[in-house]
Amino acid sequence: MATKQPPVYPDEPKIPILPNLLTAGNLLCGFFSILTIFKGMQLPDGSPEAFDCYQQATYLIFAACIFDLLDGRVARMCKADGPFGREFDSIADVVSFGIAPAMLLARAVLFDLPVPYIGFGIAVLYLLCASLRLARFNCMAAAPKKPNQSMDFVGLPVPMAAGAVVSTMYLVIDVTTNRNLIIDPFWQIVMAVVMTVVSLLMMSRVIYPSFKHVNFEKRGTIIAMLMAVIAITALIVFPWIAPALIFLCYLLYGLIIRPFLTRRMRRAIEVYGEDDVDDEESSEK
């Protein structure tokens, strides 16, 4: 009589410490942003205390963007990128760039739209598109690599989508409401349109640069270095205005500007090195 074999379980994945600590920072920023939004909901509308809560939630979403920018880059530098980090990063992104921005915009803008339930629909659309975008990205990343496969993003990346809608709300509040949450109906409609467009761009086939090939050894072009200096200076001098302009420039670059640029101009702006140029040219032969 054959003896019964013990069950066999899949191997545990390797979990690199440093990249996943940064991803955990992304997740925690999203979690605390949601808690801060809940706290603001319990305060009177238009009060300075409520505004402070939503402002802190905005800062936490921006901080999550920074953690998300760093974790993948650190993983590649340590040669520790793998399926676990990719899945963990997507879970964190759903919280920080899906749920948190949808809640923030819904409370600050969408729930007060003139037409009932439109705001709920837009918030749900954004959350669904963000989740589907992340699932699509993971499927494409897990598929076998094609020769000379591009590292650019297909569709607007979820962190950039979250940054675009949150920073636009941040700018509208500063310009039109004397930094409270009583927003004019016209600007509410503008924000609703922006959030709808951003949601659809996440699921589009528009190509956006990933800048994954940029590292500390890469020689930057004068144009790229000048743009970086201008962006950093603007963030310091105009903290209410610059984030919206930076995210808007990235959104419009992939949607309108990049398709009409020559390969040479794209290489200059996106900081392609000689190896990247050779790969791109070989893929076009």
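All of these numbers come straight from a predicted model, not from anything done at the bench. (Residues numbered from 1 in each chain as written. Predicted model: local features only at pLDDT ≥ 70, side-chain atom pairs only at ≥ 80, totals over all residues. Heavy atoms only, no water.)

Some words on the overall build of the protein
Scanning the protein from N- to C-terminus turns up ten helices and two strands. When the helices and strands of the protein are placed in sequence order, the string is α-α-α-α-β-α-α-β-α-α-α-α. Relative to its 285 residues, the protein shows a buried fraction of 42%. For the protein, long-range pairs separated by at least 24 residues make up 81% of all intrachain contacts whose partners lie at least 6 apart in sequence. When the accessible surface of the protein is summed, it comes to about 16,500 Å², and 70% of that surface belongs to carbon and sulfur atoms. (Helix = DSSP H or I, 4+ residues; strand = E, 2+ residues; numbered from the N terminus. Buried < 20%, exposed > 50% of the residue type's maximum accessible area, 1.4 Å probe, protein only. Contact = heavy atoms within 4.5 Å. Areas by Shrake-Rupley, 256 points an atom, 1.4 Å probe, with all protein chains shown as cover.)

Comments concerning the packing of helix α1 (residues 17-41) against helix α3 (residues 83-108)
One way to put it is that α1 packs onto α3 with a least axis distance of 9 Å and a crossing angle of 20°. One way to sum up the angle between α1 and α3 is to call them roughly parallel. In this structure, α1 crosses over α3, and the sense of that crossing is left-handed. For the contact of α1 with α3, a count of residues per class yields 16 nonpolar, seven polar and three charged. (Axes fitted to C-alpha atoms, helices over the stretch in contact; angles between N-to-C directions. Parallel < 35°, antiparallel > 145°, perpendicular 65-115°, else oblique. Left-handed = near helix turned anticlockwise from the far one by under 90°. Nonpolar A, V, L, I, M, F, W, Y, C, P; charged D, E, K, R; others polar.)

Focus: a nonpolar patch on the surface
Together, Leu-28, Phe-31, Phe-32, Leu-35, Phe-38 and Met-41 make up an exposed nonpolar region whose accessible area comes to about 550 Å². Within the secondary structure, Phe-31 is located in helix α1. (Patch = residues over 30% accessible without salt bridge, like charges linked within 9 Å, V, L, I, M, F, W, Y side chains within 5 Å. Salt bridge = Lys/Arg side-chain N within 4 Å of Asp/Glu carboxyl O.)

A word on the environment of Phe-51
Mapped onto the fold, Phe-51 is located in helix α2 (residues 48-77). Residue Phe-51 is classed as buried on the basis of its relative accessible area, which comes to 11%. Placed 57 residues apart in sequence, Phe-51 and Ala-108 show a C-alpha to C-alpha distance of 9.6 Å.

Focus: helix α4 (residues 118-142)
Its 25 residues place the ends of α4 36 Å apart at the C-alpha level, agreeing with the 36 Å of an ideal helix rising 1.5 Å per residue. Buried-residue contacts for α4 involve α3, β1 (153-154), α5 (158-176) and α6 (185-202). (Expected span 1.5 Å × (residues − 1).)

Brief notes about the confidence of the model for the protein
Detailed reading of the predicted coordinates is not advisable wherever pLDDT is low. Per-residue pLDDT for the protein has a mean of 82; in total, 86% of the residues score no lower than 70. A low-confidence stretch, residues 274-285 stays under pLDDT 50, and its non-local contacts, those more than four residues away or across chains, total 14 contacts. (pLDDT = per-residue confidence, 0-100.)

Notes on the packing of aromatic side chains
Enumeration over the complete set of coordinates arrives at nine aromatic pairs. With a centroid separation of 6.3 Å and 15° between ring planes, the pair formed by Phe-62 and Phe-247 is classed as stacked. In this pair, Phe-62 is assigned in helix α2 and Phe-247 in helix α8 (residues 242-257), connecting sequence segments 185 residues apart. Comparing Phe-62 with Phe-247 shows no difference in burial state: the two are buried. With centroids separated by 5.3 Å and ring planes inclined at 25°, the aromatic side chains of Tyr-208 and Tyr-250 adopt a geometry described as stacked. A residue pair is termed long-range when its members are at least 10 positions apart, and Tyr-208 in strand β2 (residues 207-208) and Tyr-250 in helix α8 qualify at 42 residues. Tyr-250 shares its class with Tyr-208; the two are buried. Connected via pairs of aromatic rings, a cluster forms that spans Tyr-59, Phe-62, Tyr-170 and Phe-247. (Phe/Tyr/Trp six-rings, centres within 6.5 Å; stacked < 30°, edge-to-face > 60°.)

Description of α8
In a regular helix each residue adds 1.5 Å, so 16 residues correspond to 22 Å; α8 covers only 20 Å between its end C-alpha atoms and thus falls short of that length. Taken together, the buried positions of α8 are Ala-242, Pro-243, Ala-244, Phe-247, Tyr-250, Leu-251, Tyr-253 and Gly-254.

Some words on the packing of α3 against α4
Between α3 and α4, whose axes approach to 9 Å, the crossing angle comes to 165°. In terms of their interaxial angle, α3 and α4 are classed as roughly antiparallel. Seen from above, α3 lies across α4 with right-handed handedness. Contacts between α3 and α4 involve Arg-86, Glu-87, Ser-90, Asp-93, Val-94, Phe-97, Gly-98, Ile-99, Pro-101, Ala-102 and Ala-106 on the former and, on the latter, Ala-123, Tyr-126, Leu-127, Ala-130, Ser-131, Leu-134, Phe-137, Asn-138, Ala-141 and Ala-142. A breakdown of the residues in the contact of α3 with α4 according to their chemical character gives 14 nonpolar, four polar and three charged.

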